[in-house]
Amino acid sequence: MGNGTSIGRVRGLGSAHEGTHHWWQQRLTAGSNLLLMLWLIVSLVLLPSLDYGTVQAWLSSPLAAVPMILLVISVFYHLKMGLQVVIEDYERDARRIVLMTLLNFFAIAAAVFAIFCILKVAFTATTGAAL
Amino acid sequence: MASARNENRPLSPHLQVWKWGPHMLVSILHRVTGSGLATVGAVVFLAWLGALASGEECYAWFMDLLTVKSGAPNIAGYILGIGLTLSFFQHMMTGIRHFFLDAGAGFELQENKRFAITTMVVSVALTAVLWGYLSYDRLIAPPVENAPIAVETK
């Protein structure tokens, strides 16, 4: 398990049984992204306008807020895995570790921020709150 | 930590030795559009949600960055709007292509080439349909009466 040859590093560790985990999660979220993003685009296009009252009333409905939260989870998980592969392909050593750390911070912070915003709109909207 | 690569060893010939084809183009487009959506798209999405959660004034300020008074997009709005929707549809179509390739289908040369070209045709078409639909009312609307440029009548 030392710093020797490649085979030396691998020997004794065995398979982690996680070889396809990243690949599969990427496909899984790709499928949910496909449905949720098409739902978002169609929903926004069908709104009479994108002004504050209209969008707030729309997002305060559970039928909009819940898919939006699911979309944020799915999209930001997919985004994190996608950019991770890009970083793995083009960066190495210290830069790779720094960028990977920043990516993880960004993805999680952004998703939490987005979900908080959705919940705030949903729970404080003055109009529209009906299902 | 042992270095991942010995810098003294040559790299094998890579991109430069291959004749470019549609499959290579959509492959890199998938990565470029994905990276664009994950960075620019994510920032616009977060700014929109953040502005919405911050109240009417903040939301109006955000929308003012991207639209003109009538509610139509301004130049920045068009660049971001069309850029992000085209990127999304391209990423979506090449993503669907990946599903087929993952299943082991579509590797025959002609079919692979056709499918690759189709992803680009469909993404451009979907973007055109979306923005055509969004702009339809403005395109068929009669000219505004007090338009800044007066129409000369004799």
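Everything discussed here concerns the structure shown above.
Residues numbered from 1 in each chain as written. Chains lettered and ligands numbered in written order. Predicted model: local features only at pLDDT ≥ 70, side-chain atom pairs only at ≥ 80, totals over all residues.

Peer 1: Report on the overall build of chain A, specifying residues and quantitative values.
Peer 2: Each helix and strand counted, chain A has five helices and zero strands in total. Walking chain A from its N terminus toward its C terminus, one meets helices and strands in the order α-α-α-α-α. The 131 residues of chain A split such that 21% are buried. (Helix = DSSP H or I, 4+ residues; strand = E, 2+ residues; numbered from the N terminus. Buried ≥ 20, exposed ≤ 12 C-beta atoms within 10 Å, placed from the backbone.)

Peer 1: Which residues make up the overall build of chain B, and what values go with them?
Peer 2: In terms of regular secondary structure, chain B is built from four helices and zero strands. Going residue by residue from the N terminus, the α and β elements of chain B occur as α-α-α-α. Looking at chain B alone, contacts between residues at least 24 apart form 67% of all its contacts between residues at least 6 apart. (Contact = placed C-beta atoms within 7 Å.)

Peer 1: Quick rundown of the packing of helix α1 (residues 22-53) of chain B against helix α2 (residues 56-66) of chain B? Include the residues and the values.
Peer 2: Residues and elements named next belong to chain B. Relative orientation of the contacting elements α1 and α2 amounts to 150°, with a least axis distance of 6 Å. Taken as axis vectors, α1 and α2 run roughly antiparallel relative to one another. Of the residues in α2, those in contact with Ala47, Trp48, Ala51 and Leu52 of α1 are Cys58, Tyr59 and Phe62. For the contact of α1 with α2, a count of residues per class yields seven nonpolar, no polar and no charged. (Axes fitted to C-alpha atoms, helices over the stretch in contact; angles between N-to-C directions. Parallel < 35°, antiparallel > 145°, perpendicular 65-115°, else oblique. Nonpolar A, V, L, I, M, F, W, Y, C, P; charged D, E, K, R; others polar.)

Peer 1: So what about unusual backbone geometry? Which residues, and what values?
Peer 2: Residues and elements named next belong to chain A. If you check the backbone angles, aspartate 93 has positive phi at about 55° while not being a glycine. Looking at the secondary structure, you find aspartate 93 in helix α5 (residues 93-124). Under the C-beta neighbour-count criterion, aspartate 93 is labelled exposed, with 10 such atoms within 10 Å.

Peer 1: Before we move on, could you go through the interface of chain A and chain B and cite the residues and values that matter?
Peer 2: Listed per partner, the contact involves 24 residues of chain A and 25 residues of chain B. Those elements that place two or more of their residues in the side of chain A that touches chain B are α2 (21-46), α3 (52-59), α4 (62-90) and α5 of chain A. Of the residues belonging to the side of chain A that touches chain B, the class tally is 17 nonpolar, four polar and three charged.

Peer 1: Mind laying out the environment of A:Arg11, listing which residues take part and the relevant values?
Peer 2: Residue and element names in this part refer to chain A. With respect to the element layout, arginine 11 can be found in the loop between α1 (6-10) and α2. Judged by local crowding, arginine 11 falls into the exposed class, with 11 C-beta atoms found within 10 Å. Taking the C-alpha atoms as reference points, arginine 11 and valine 98, 87 residues apart in sequence, are found 28 Å from one another.

Peer 1: Lay out α4(A) with the relevant residues and their values.
Peer 2: For α4(A), spanning 29 residues, the distance from its first C-alpha to its last is 42 Å, which sits close to the expected 42 Å at 1.5 Å a residue. A:Ala64, A:Met68, A:Leu71, A:Val72, A:Ser74, A:Val75, A:Phe76, A:His78, A:Leu79, A:Lys80, A:Gly82 and A:Leu83 are the residues of α4(A) that are buried. Elements that come into contact with the buried residues of α4(A) comprise α2, α3 and α5 of chain A together with α1 of chain B. (Expected span 1.5 Å × (residues − 1).)

Peer 1: Can you break down the nonpolar core residue by residue, with the values?
Peer 2: Of all hydrophobic cores here, the largest spans 31 residues; its most connected members are A:Leu59, A:Ile118 and B:Leu52. Only α3, α4 and α5 of chain A together with α1 and α3 (75-102) of chain B provide two or more residues apiece to this core. Ignoring any residue separated from it by four or fewer positions in sequence, one finds A:Ile118 in contact with A:Leu59, A:Ala65, A:Met68, A:Ile69 and B:Leu49. (Core = buried A, V, L, I, M, F, W, Y, C linked by C-beta atoms within 7 Å.)

Peer 1: An account of the environment of A:Ala125 is requested, with residue identities and associated values reported.
Peer 2: Residue placement: A:Ala125 occurs in the segment after α5. With 65 residues separating them in the primary sequence, A:Ala125 and A:Ser60 have C-alpha atoms 6.0 Å apart.

Peer 1: So, the packing of α4(A) against α1(B): which residues are in play, and what are the values?
Peer 2: Two elements in contact, α4(A) and α1(B), have axes whose closest approach is 10 Å; the angle formed by their N-to-C orientations is 125°. Between α4(A) and α1(B), the angle falls in the class oblique. Note that α4(A) runs across α1(B); the crossing there is left-handed. In this structure, α4(A) contributes A:Leu79, A:Gly82, A:Leu83 and A:Val86 to the contact, and α1(B) contributes B:Arg31, B:Gly34, B:Ser35, B:Ala38 and B:Ala42. (Left-handed = near helix turned anticlockwise from the far one by under 90°.)

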